[in-house]
Amino acid sequence: MSGAVTVGVIANPASGRDIRRLVSGASVFDNGEKGNMVYRLMVGLAAVGVEHVLMMPAASGLYDSLERTLRAAAPAIAAEHRPMPDLELIEMKVRHNARDTIYAISEMEHRGVAAILVLGGDGTSRIVARHCARDIPLCTLSTGTNNAFPEMREATVAGIATGLVATGRIGDEALRREKILRVGLNGDAHHDCALVDVAMNSERFVGARALWRPREISEIVVSSARPDAVGLSSIAGLLDPTSRDAPHGLHIRLAPPEDAEIVLTVPLAPGLVVPIGVNEVNRIEPGASVELTAGVGSVALDGEREIEISAADEVEVRLDLAGPLTIDVSAAMREAARRGLLNGSL
Amino acid sequence: MTEVAGAKELSKEELLDAYRTMRTIRDFEERLHEEFATGEIPGFVHLYAGEEAIAAGFMAHLDEDDYIASTHRGHGHAIAKGCDPKAMMFEIYGKQDGLCHGKGGSMHIADLDKGMLGANGIVGGGPPLVCGVGLSARTRGTNQVAVSFTGDGGANQGTVFESLNLASAWDLPCIFVIENNGYAEATAQAFSSKGIDIAKRADGFSMPGVVVDGHDFFAVYEAAGEAIRRAREGGGPSMIECKVNRYFGHFEGDAQTYRAANEVEEVRKEKDCLMLFRRRVTSAGLVKESELDQIDEEVKNYIDECVREAKAAPEPTPEHLVTDVYASY
């Protein structure tokens, strides 16, 4: 395998199946399609010279769908001499939880992957960002609902862009150092993290995880905010649009609409547009720590309740500009066009 | 936003009730595990220990006149739906004063007065039953709902697919719960199905499918509340898959050679629903340890009493053979 460029693939078969399907008509994303996405990524990677793909084992029909598509395509690929990377599954015990992803990342680092493609929602991206070495470029593709961080992209193109970075033909022009929110708990400054938003809320239990009841949310901190986003960060996006490149974040205190200074109409989740009251908006600078007003409730990270807390707990959030390194697919393809990297046949 | 059923904060009394239900099921099953080994109990028993949060989380939203259809692993569903544990214990011992006069045993416990349509020896047998009562409720214009429980093995039965289709086509107020404990008898799920997430099959029947952690009472309670509310309000059927582990074998006496040596031990240590519930409600300051300890003590004594009385109770006599043969409506 020496000399061959290897790209890692983490495709979370469990994303896209939470309570929002029940309460807000959220979309479904089946694992057959996720398997097909991995196939299309491989086609894109192969087109620019990636010879090896190292993938986390993915159950729930995802790998089966990929394998069937590969098998069905194999004769034509061979006859037409089209490139296709070798596919290797990491040998590991599969537990069907986040520990799988953490183990797979460490194995990918150990094997020296040149980039990692991540298929999942905000939760999957967050776990990868938290556990992955800082300098491995990530390409995060959305396969869930309500995602603020991973992008909805055609996998073939994402595969080409990632391949161009992995093979060294495109570098800094297409790489972006993302912001990350470090979440401290009772003095442990690195207790957890979020890529886009942290929300203090009065839901006492982690329960079904997704945070979908607006009345429960009292305070949010965001690293970036787009007015055209769906989810918690869209509250911030409607108040003070903050790009992924902006060197600051926002801290917002919410209030019941009837008591609030400002009331916004917010698409809080797919299929859920609600009034949200806002009392205070402040920019936060990198390194500065924001102490959240703790009460009995929980802290949601990127839209999912993760940490159950009581009034005695101290929760602080710090904006860190040195988050994960990601591949900007649009920038990579623009650069490929400018330099003619895809001119000529495969 | 209007307050919805699943959203309501549980009162202290409701939390204590949920804990009592889970503790009663656990002690009932742990005790049967011991007693079955003595050879005194006729027939087969399939124990629900480890899965208590599912029964407690769903049944906390159901009224007495809502329906459930259970499985061969039915003790937990029956207890949570309000069946009398003592009458159940009598039934399992085959005694005349059992819930079904000792004629049903573990696998056929039913109590129509409580909306419990029965444990069921037919794998995948519950979903068609809830379609029936769901249609009945809809036809009569009540707001009753019907909940079926099925295992990951049962989920592959044709009856389940037919029921999903029927419930969807007719917008029946049915909730199909899949208790995915990873094994259909001794067959690991990955050997019998391409998909680990059974809830995804709901997509094909145009109904919502949600996955929750079946060890977490609060996760089950929240999802169950929303699915049940949806069904009551005319939103039609849903499927909720609860990922869970069973503590004992498929049936009592199962050597479980298909499981890793420390598998159950790990689950008991990390995911025990009673332990998780206790830790969370006490650290949230909602309930005191001593209040839960008291429930533990009361339940332990009660289960002792159930077993003691069941053992001493009279058997059905030969003339009972010809009673209860036909049902009248």
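## Section: the layout of surface pockets
Any space left empty among the atoms is revealed by the rolling of a water-sized probe across them.
Residues and elements named next belong to chain B.
Now for step 1: Considering only enclosed or pocket space, the second largest pocket measures out at about 530 Å³ in volume.
Now for step 2: Residue lining of the second largest pocket: 14 residues in total, with C100, A110, L112, D324 and A327 positioned closest to the centre.
Now for step 3: A class-by-class count of the residues in the lining of the second largest pocket yields 8 nonpolar, 3 polar and 3 charged.

## Structural notes on helix α8 (residues 217–232) of chain B
Now for step 1: The terminal C-alpha atoms of α8 of chain B, which comprises 16 residues, lie 22 Å apart, in line with the 22 Å expected from a rise of 1.5 Å per residue.
Now for step 2: α8 of chain B sits mainly inside the fold: 14 of its 16 residues count as buried.

## Looking at the pairing of strand β15 (residues 297–301) of chain A
Now for step 1: Counting buried positions along β15 of chain A yields 5 of 5 residues, so the element is predominantly enclosed.
Now for step 2: Linkage of β15 of chain A to strand β16 (residues 304–309) of chain A, two consecutive antiparallel strands, is achieved through a turn of 2 residues, within which D302 of chain A is found at a positive phi near 50 degrees.

## With respect to the domain arrangement of chain A
Residues and elements named next belong to chain A.
Now for step 1: Structurally, chain A comprises domain 1 (6–178 + 324–339) and domain 2 (180–320).
Now for step 2: Computed over C-alpha atoms, the centres of domain 1 and domain 2 are 28 Å apart.
Now for step 3: Opposite the 18 residues of domain 1 that make contact, domain 2 presents 26 residues.
Now for step 4: Between domain 1 and domain 2, a total of about 2,000 Å² is buried, with carbon and sulfur atoms accounting for 58% of that surface.
Now for step 5: The tally of links from domain 1 across to domain 2 stands at 4 salt bridges.
Now for step 6: Where domain 1 packs against domain 2, one counts 7 residue pairs in polar contact (both at pLDDT 80 or more).
Now for step 7: Every element with two or more residues in the side of domain 1 that touches domain 2 is listed here: α1 (20–23) and α5 (122–131).
Now for step 8: Top element by residues in the side of domain 1 that touches domain 2 is α5. It accounts for 5 residues.

## What about the interface of chain A and chain B?
Now for step 1: Counting residues at the interface gives 35 residues for chain A and 32 residues for chain B.
Now for step 2: A per-residue breakdown of the area chain A buries against chain B is headed by R17, L22 and F205 of chain A, which together make up 30% of the total.
Now for step 3: Taken together, the links from chain A to chain B amount to 5 salt bridges.
Now for step 4: Between E222 of chain B and R213 of chain A there is a salt bridge, with the nearest N and O atoms lying 3.7 Å from each other.
Now for step 5: Looking at the side of chain A that touches chain B, the elements with two or more residues in it are α1, α2 (31–47), α3 (62–79), β13 (272–284) and β16 of chain A.
Now for step 6: Considering every element that reaches the side of chain A that touches chain B, the biggest residue donor is α1 of chain A, with 3 residues.
Now for step 7: Classifying every residue of the side of chain A that touches chain B gives 15 nonpolar, 7 polar and 13 charged.

How each quantity is defined
- Residues numbered from 1 in each chain as written.
- Chains lettered and ligands numbered in written order.
- Predicted model: local features only at pLDDT ≥ 70, side-chain atom pairs only at ≥ 80, totals over all residues.
- Heavy atoms only, no water.
- 1 Å grid on protein atoms, 1.4 Å probe; cavity = no way out; pocket = protein on both sides within 12 Å on 5 of 7 lines; lining within 4 Å.
- Points joined across faces, edges and corners; volume = space filled by probe spheres on them.
- Nonpolar A, V, L, I, M, F, W, Y, C, P; charged D, E, K, R; others polar.
- Helix = DSSP H or I, 4+ residues; strand = E, 2+ residues; numbered from the N terminus.
- Expected span 1.5 Å × (residues − 1).
- Buried < 20%, exposed > 50% of the residue type's maximum accessible area, 1.4 Å probe, protein only.
- Pairing = 2+ DSSP bridges.
- Domains from an automatic or database assignment.
- Contact = heavy atoms within 4.5 Å.
- Buried area = accessible area lost by both parts, 1.4 Å probe.
- Salt bridge = Lys/Arg side-chain N within 4 Å of Asp/Glu carboxyl O.
- Polar contact = N/O pair within 3.5 Å; in protein donor to acceptor, adjacent residues only side chain to side chain.

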